[in-house]
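# Descriptive structure summary
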Amino acid sequence: QVQLVESGGGLVQAGGSLRLSCAASGRSFGSYTMGWFRQAPGKEREFVAAISWGGGGIYHADSVKGRFTISRDNAKNTVYLQMNSLKPEDTAVYYCAARYNYAAATARIDEYDNWGQGTQVTVSS
């Protein structure tokens, strides 16, 4: 079972930046499409960004487009989420997720095979 471990969350003021990382165990990271999702208190988990296994397909939710950037380093088995111009409404637990076997990038939560434990991001106004 692949393990996904997120890091980089924390408390930041509105307008600030954070970079989240998600490290994956195992040798097949290069075949995983990776996604970032978030869940705010009392709300459903929602798509933030996804990047295909080769990095050629990148998608961001409209709510974060122009502020967040997903990227990956297959040599380090890590996917990143650079978050700039943070807003209080970005406050949530952020989760990374993996979709196996060279599958296409997708925003559909139910298409992902494995999830990390999440990291809290809190943006103060």
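Residues numbered from 1 in each chain as written. Predicted model: local features only at pLDDT ≥ 70, side-chain atom pairs only at ≥ 80, totals over all residues. Heavy atoms only, no water.

## Let's talk about the state of the cysteines
Spelled out, the test is: Cysteine sulfur pairs qualify as disulfides if the two atoms are within 2.5 Å. Each helix corresponds to a stretch of at least 4 residues labelled H or I by DSSP, and each strand to a stretch of at least 2 residues labelled E; elements are numbered beginning at the N terminus.
The full count for this structure, using the stated rule, is one disulfide. Paired through a disulfide, C22 and C96 show a sulfur-sulfur distance of 2.0 Å. A torsion of 45° about the S-S bond marks the disulfide between C22 and C96 as right-handed. You can see C22 sitting in strand β3 (residues 18–24) and its partner C96 sitting in strand β9 (residues 92–99), a full 74 residues away along the chain.

## Here we look at the sheet that holds strand β7 (residues 68–73)
Working definition: the strands of a sheet are paired by backbone hydrogen bonds and lie parallel or antiparallel to each other. Stated formally: At least two DSSP bridges between two strands are needed for those strands to be called paired. Lines fitted to C-alpha atoms define the axes here, with helix axes fitted over just the stretch in contact, and angles between the N-to-C directions of these axes take values from 0 to 180 degrees.
In space, the four strands of this open sheet follow the order β1-β3-β8-β7, with antiparallel pairing throughout. Pairing within the sheet leaves two strands with one partner each, and these edge strands are β1 (4–7) and β7. Here the average twist between neighbouring strands, direction ignored, is 15°. Sheet analysis places β1 next to β3, joined by four bridges and oriented antiparallel. Across the sheet, residue S7 finds its bridge partner in β3, namely S21.

## Notes on the packing of aromatic side chains
As a reminder, the rule being used: Side-chain rings of Phe, Tyr and Trp (the six-membered ring for Trp) are treated as a pair once their centres are within 6.5 Å; stacked means planes under 30 degrees apart, edge-to-face means over 60, and tilted covers the remaining angles. The cut-offs for exposure are 20% and 50% of the maximum accessible area for each residue type, with area from a 1.4 Å probe on protein chains only; residues under the lower value are buried, those over the upper are exposed, and the others partly exposed. Placement of a charge over a ring requires the Lys NZ or Arg CZ to be within 6 Å of the ring centre, with the centre-to-atom vector within 35 degrees of the ring normal.
On inspection of all chains with the given rule, the structure shows seven aromatic pairs. Pairing F37 with F47 gives two aromatic rings, centres 5.7 Å apart and planes at 70°, and the pair type is edge-to-face. Linking F37 in strand β4 (residues 33–39) with F47 in strand β5 (residues 46–51), this pair joins segments that are ten residues apart in sequence. Each member of the pair, F37 as well as F47, is classed as buried. An aromatic cluster is defined as three or more aromatic residues linked by ring pairs; in this entry it consists of F37, F47, Y112 and W115. Against the face of Y95 rests R45, its NZ or CZ located 3.7 Å from the ring centre.

## Digging into the environment of R45
Defined as follows: We call two residues in contact when some of their heavy atoms are within 4.5 Å. Whenever two N or O atoms come within 3.5 Å, that pair is a polar contact, provided that in protein one can donate a hydrogen and the other can accept it, and provided that, for residues adjacent in sequence, both atoms are side-chain atoms.
As for its position among the elements, R45 is in the loop between β4 and β5. Since its relative accessible area comes to 25%, R45 is described here as partly exposed. In sequence terms R45 and V93 are 48 residues apart; their C-alpha atoms lie 9.1 Å from each other. Look past the residues within four positions of R45 in its chain and what remains in contact with it is F37, R38, Q39, Y95, I109 and W115. At 3.4 Å, the side chain of R45 forms a polar contact with the side chain of Q39.

It is worth stressing that arrangement in space is one thing and function is another; only the former is reported here.
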